[in-house]
Amino acid sequence: VPLRLGRLQAVEHEAFVTLLARGAGIATREVVTAAATIDDDALLVLRGEAVPLGSLGPGEIGKSTVAGAWAALAQLDAARIAHQQLDPSTVVMVDGEVGFVDFGRATVAPDALQLLTDRAQLLVTLASGVGPERALRSAVDALGSDGVAALPQLLVALESGAACAIDTAPVIARAHALAARQEP
């Protein structure tokens, strides 16, 4: 059950996780301040440009960018952070590196399902930019066949729960085909 945070607490949480991510070497914007205004609004000021992968065309997302996305997710995992909202607007390019922004729903010390959810969300995000075949090949390169074989059920759950605004059907079909090839 997600915690219900007040406005200032939510801003402080996002600033805290952004600082943790940046400290772990993940490309993200720099936190300048998190504060309350005199009108009791909450304010988070970030510095730096972040270009969403969703704003790039398929020809602009090269193999190194796709591999960089998986490497950035591995860094996030190693830092024990689950983003929980990876999509074409939160997977970004910062100073030529793939990274993440908008850590408002992120979890520190995540469980295995939360880490798996991040992987499924990144796979779907990459598929929306480079197509399901290329996204799955990159996932196999990053996670191995066994790591990808665990994703189809989670992708179906994401789709049925309307947690994803991206068409997951092509990715699910290709992931099922890959998983079927892995069975003895």
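As the structure is a computational prediction, the values presented were derived from the model and not from experiment.

(A) Layout of the pairing of strand β1 (residues 30-36). Judged from the six bridges that link them, β1 and strand β2 (residues 42-47) form a sheet pairing that is antiparallel. Within the sheet, the bridge partner assigned to Ala34 lies in β2 and is Leu44. Connecting β1 to the antiparallel partner β2 that follows it, the hairpin turn spans five residues, and Asp40 within it adopts a positive phi of roughly 70°.

(B) Geometry of the nonpolar core. Membership of the largest hydrophobic core comes to 30 residues, with the highest contact counts inside it found for Trp70, Leu76, Phe100, Leu122 and Leu126. Taken together, the elements giving at least two residues each to this core come down to α1 (7-23), α2 (63-78), β5 (91-94), β6 (97-100), α3 (112-130) and α4 (132-149). Those residues in contact with Leu126 that sit more than four places away from it in its chain are Leu53, Val66, Ala69, Trp70, Gly131, Ala135 and Ser138. Of all hydrophobic cores here, the second largest spans five residues; its members include Ala27, Ala50, Val92 and Val94.

(C) The packing of α2 against α4, seen in detail. The interhelical angle for the contact between α2 and α4, taken along N-to-C directions, is 50°, at an axis separation of 10 Å. Judged by the angle between their axes, α2 and α4 are oblique. Two packed elements cross with a definite hand, and for α2 against α4 that hand is right-handed. For the pair α2 and α4, the contacting residues are Lys63, Val66 and Trp70 in the first and Arg134, Ala135, Ser138, Ala139, Ala142 and Leu143 in the second. Considering only residue class, the contact of α2 with α4 consists of six nonpolar, one polar and two charged.

Calculation criteria
Residues numbered from 1 in each chain as written. Predicted model: local features only at pLDDT ≥ 70, side-chain atom pairs only at ≥ 80, totals over all residues. Heavy atoms only, no water. Pairing = 2+ DSSP bridges. Helix = DSSP H or I, 4+ residues; strand = E, 2+ residues; numbered from the N terminus. Core = buried A, V, L, I, M, F, W, Y, C linked by side-chain atoms within 4.5 Å. Buried < 20%, exposed > 50% of the residue type's maximum accessible area, 1.4 Å probe, protein only. Contact = heavy atoms within 4.5 Å. Axes fitted to C-alpha atoms, helices over the stretch in contact; angles between N-to-C directions. Parallel < 35°, antiparallel > 145°, perpendicular 65-115°, else oblique. Left-handed = near helix turned anticlockwise from the far one by under 90°. Nonpolar A, V, L, I, M, F, W, Y, C, P; charged D, E, K, R; others polar.

So yeah, pure geometry; function would need other evidence.
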